[in-house]
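So the chains spell out like this:
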Amino acid sequence: MLPFSLALRFLRAGRGQTILITVGIAIAIAAQIFIGLLITSLQKTLVDRTIGNQPQITISPAGDAATILNWQKIITTIQETGLVQTAATSASGNAFLFKGTQTAPVLVRGFDAAADNIYGFNSSVYEGSWDSSQNGVLMGKDLQEELGFGVGDEVTVQTPGGQTGTVAITGFFDLGISQLNKSWLITSLGKAQSIFGYNGDITGIEMTTEDPFQADTIAAQLRAKLDNSTISITNWKEQNEQLLSGLQGQSLSSLMIQIFIVVSVVIAIAAILAITVFQKSRQLGILKAMGIKDRSASMIFIYEGLIIGVIGSIAGSALGLLLLYGFSIGTSQSGNQALIDIYIDYQFIAISWVIAVLAAVIAALIPARRSLRLNPIEVIREG
Amino acid sequence: MNNVIELSHIDKVYSNGVDLQVLFDINLNFEAGSFNSIIGQSGSGKTTLLNIIGTLDRPTRGEVVIDGSRTDTMSKDKVAELRNQVIGFVFQFHFLLPEFTAMENVLMPYRIQQPRLSRDVLKKADELFELVGISEIKNNLATRMSGGQQQRTAIIRALINNPKVILADEPSGNLDSENTEALYRIFRDINKEIGTTFIIVTHDRRIAEQTDRIVEIRDGRIVMDLKKWRNA
């Protein structure tokens, strides 16, 4: 491939210029990858921390009703649609917890085994254990610290209706959200139903979906399918509208930044390669006099664009990732908790590469076209 | 003998606001294997004529036939191919590519048509370096040679594809008398040994007198065409 080896040799001969333009592309790609991945990681972290261990779609009784009627039929219908990943039933109610002279308001939450898929109880219990069939309760970390309980302690629970019962503490959990850690008492579905006298009924159906961002459409589909006015269906997106519009704005501004970077890269490469055509017009004229075809002559510049595009984008993505990890380490808080969990989107990196290489090639088209017009006589006449 | 170059009724007009005609109805043939010169004052049109013969320029009117093919109506790519295979150029300036070594420069016309170098062409290049007496600098960059060495490298480059014709435009214009003499000796040797046709454009009558045929151009017209009688 003569045009390729000519391109390589011309680039090597003009080393200073080549390094400059390649570094330029590398920095642009680094900035693009850094910003792109940072925003993606930031958004993923935000969404994960907002909805990570929570249901994405929730069914609760509508109006003043305490429980969901005919819930078995609703569960069957939901499962038949195949739209949700997990559907867990829960029975919950407010109560007061007594220990000696101390009291604390709590939310007693009874779950079936499927709820572990949503909340990850097994992994958040740090002392004792969770068993969805047991009669004991799990207490949150903050409440434990406040009241000073241990595994095996018995506590008294009083419902607003006046029923009292005694339950044993079988473990402690930390769900990462202090509001839950402070107020939740987790127990089995059956136990909660008996404490509140629900008589086998439930107060909520909690679900997760494959893609959390589809929660609103799936919720709407379920609403249509169930067509039940005694229940209300909510999803995390409508509860977090402000967060989501914030994320959208962020994505848009990140996209804008990236577009400007690409455009400036194209202009810079085109400008520098245009100068190269001028600088190499003597060589081009000689090659044309020796019978190189116009197409091959212009391919020299396309290859120059391609070579610097490829090298620049590889170096740039390495630099971008380095920046990203540097940022992650630099901003991590004490206790090694990263401010942002780095999420490497390989597809995004691949797209950035393709864009960089395409940009370099497109930029090279301009000087390549100019090279077509070069007449060897002009060069020979000038000497 | 058959003609390797046939020009008939060549006019060349440069239109740059005002029309400027530099060649008028030129009819000229060159025999294969001949050793010719074109002389004339600067501005006489001799270089334009050479560029038309070399397909670097096209005539405004008239026919150009090189090695049996009409070039004035050929496509750009075909012309480039013909130029690569049939014609070798030696200019006043060596026009070597400064990024490449002497050897790489010499092989460039071959690489334009063939992606891979053959053993034969490498052997041939070595022999030519030997012939023109600059074997020791064949791996030097084009910028790291004397003027004489550069011009000899340019000659080897012109010869590498076994062209039928070598077109030389003031080839000794930048050389001292010693190198000038050596250059024409090399031209003669090649003409004799390989049978390559030479057309040398010069303003120097003494150089022209060493050739077998002198064509003189004045104001775009042929005013003299003199063939020497040579004993075979």
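Being a predicted model, the structure only gives us computed values, none of them experimental.

Parameters and conventions
- Note that residues are indexed from 1 along each chain, following the sequence as it is written.
- In the order they appear in the text, chains get letters beginning with A and ligands get numbers beginning with 1.
- Local features in this predicted model are restricted to residues whose pLDDT is 70 or higher, and side-chain atom pairs enter the listing and the counts only when it is 80 or higher, whereas totals over whole chains, interfaces and linings include all residues.
- Side-chain calculation: all heavy atoms of the structure are included, whereas hydrogens and water are not.
- Note on definitions: salt bridges are taken to be side-chain nitrogens of Lys or Arg within 4 Å of carboxyl oxygens of Asp or Glu.
- Helix numbers and strand numbers start at the N terminus; a helix is a DSSP run of H or I with at least 4 residues, a strand a run of E with at least 2.
- Throughout this description, a polar contact denotes any pair of N or O atoms lying within 3.5 Å of each other; where both atoms belong to protein, one of them has to be capable of donating a hydrogen while the other can accept it, and for residues adjacent in sequence the pair is counted only when both atoms sit in side chains.
- Contacts between residues were defined by any pair of non-hydrogen atoms, one from each residue, lying within 4.5 Å.
- When DSSP finds two or more bridges between a pair of strands, those strands are recorded as paired.
- Only Phe, Tyr and Trp rings are paired, with Trp represented by its six-membered ring, and only when their centres lie within 6.5 Å; those with planes under 30 degrees apart are stacked, over 60 edge-to-face, the remainder tilted.
- Buried, partly exposed and exposed residues are distinguished by accessible area as a fraction of the type maximum, computed with a 1.4 Å probe on protein chains only: under 20%, between the cut-offs, and over 50%, respectively.
- The criterion for a charge sitting over a ring is simple: Lys NZ or Arg CZ within 6 Å of the ring centre, and within 35 degrees of the ring normal.
- Here, expected helix span is obtained from the residue count minus one, scaled by 1.5 Å.
- Here the arc refers to the directions that run from the helix axis out to each C-beta atom.
- Using a 1.4 Å probe, buried area is obtained as the accessible area two parts lose upon being combined, added over both of them.

## Observations regarding the pattern of salt bridges
Reasoning step 1: Going through the model one piece at a time under the given rule, you end up with 21 salt bridges over all chains.
Reasoning step 2: Ionic pairing is found between K237(A) and D216(A), a salt bridge with its closest N-O pair at 3.5 Å. Residue K237(A) is located in helix α10 (residues 236-239), and its partner D216(A) is located in helix α9 (residues 215-226); the two are separated by 21 residues in the primary sequence.
Reasoning step 3: Across the salt bridge formed by R206(B) and D204(B), the nearest N and O atoms sit 3.4 Å from each other.
Reasoning step 4: Salt bridges sharing common partners tie together K288(A), D294(A) and K76(B).

## Focus: the side chain of T153(B)
Residue and element names in this part refer to chain B.
Reasoning step 1: Note that T153 resides in helix α5 (residues 147-159).
Reasoning step 2: From its side chain, T153 meets the backbone oxygen of Q149 in a polar contact 2.7 Å long.
Reasoning step 3: With residues up to four places along the chain from it excluded, the contact list for T153 reads L96, A102, V106, I134, I137 and M145.

## Topic: the sheet that holds strand β5 (residues 69-70) of chain B
Reasoning step 1: The strand order across the open sheet formed by four strands is β2-β1-β4-β5 (chain B), and the pairing between neighbours is antiparallel. Where the open sheet ends on each side, the last strands, each with one partner, are β2 (18-31) and β5 of chain B.

## Topic: the packing of aromatic side chains
Two aromatic rings, taken as a pair, are described by how far apart their centres are and by the angle between their planes.
Reasoning step 1: By the definition in use, this model includes 16 aromatic pairs over all chains.
Reasoning step 2: Judged by centre distance (5.3 Å) and plane angle (50 degrees), the rings of F35(B) and F198(B) are tilted. Of this pair, F35(B) sits in strand β3 (residues 35-39) while F198(B) sits in strand β8 (residues 197-202), and the two are 163 residues apart along the sequence. Pair check on accessibility: F35(B) and F198(B) agree, each one buried.
Reasoning step 3: Through a chain of ring-to-ring contacts, the aromatic side chains of F111(A), Y119(A), F121(A) and W184(A) assemble into a single cluster.
Reasoning step 4: A cation over an aromatic ring shows up here: R109(A) above the ring of W184(A), its NZ or CZ 4.7 Å from the ring centre.

## Comments concerning helix α2 (residues 76-86) of chain B
Reasoning step 1: Of the positions making up α2(B), those classed as buried are V79(B), A80(B), L82(B), R83(B), N84(B) and V86(B).
Reasoning step 2: Looking at the packing, one finds that the buried side of α2(B) touches α12 (281-289) of chain A together with β4 (61-66), β5, β6 (87-90), α3 (102-113) and β7 (165-169) of chain B.

## What about α9(A)?
All names here are of chain A.
Reasoning step 1: The terminal C-alpha atoms of α9, which comprises twelve residues, lie 16 Å apart, in line with the 16 Å expected from a rise of 1.5 Å per residue.
Reasoning step 2: Residues A215, I218, A219, L222 and L226 constitute the buried set of α9. For α9, the angular spread of buried residues about the axis comes to 100 degrees, placing them on one side.
Reasoning step 3: Taken together, the buried residues of α9 touch β1 (57-61), α3 (71-81), β9 (204-208), β10 (231-235) and α10.
Reasoning step 4: Positive backbone phi, approximately 45 degrees, marks D227, located one or two places after α9.

## Remarks on the interface of chain A and chain B
Reasoning step 1: With 26 residues of chain A at the interface, the matching set in chain B holds 25 residues.
Reasoning step 2: Both sides of the chain A and chain B interface together cover about 2300 Å² of buried area, and 64% of this is carbon and sulfur.
Reasoning step 3: In this structure, K76(B) and D294(A) form a salt bridge, with 2.7 Å as the shortest nitrogen-oxygen distance.
Reasoning step 4: Summed over the shared surface of chain A and chain B, the number is ten residue pairs in polar contact (both at pLDDT 80 or more).

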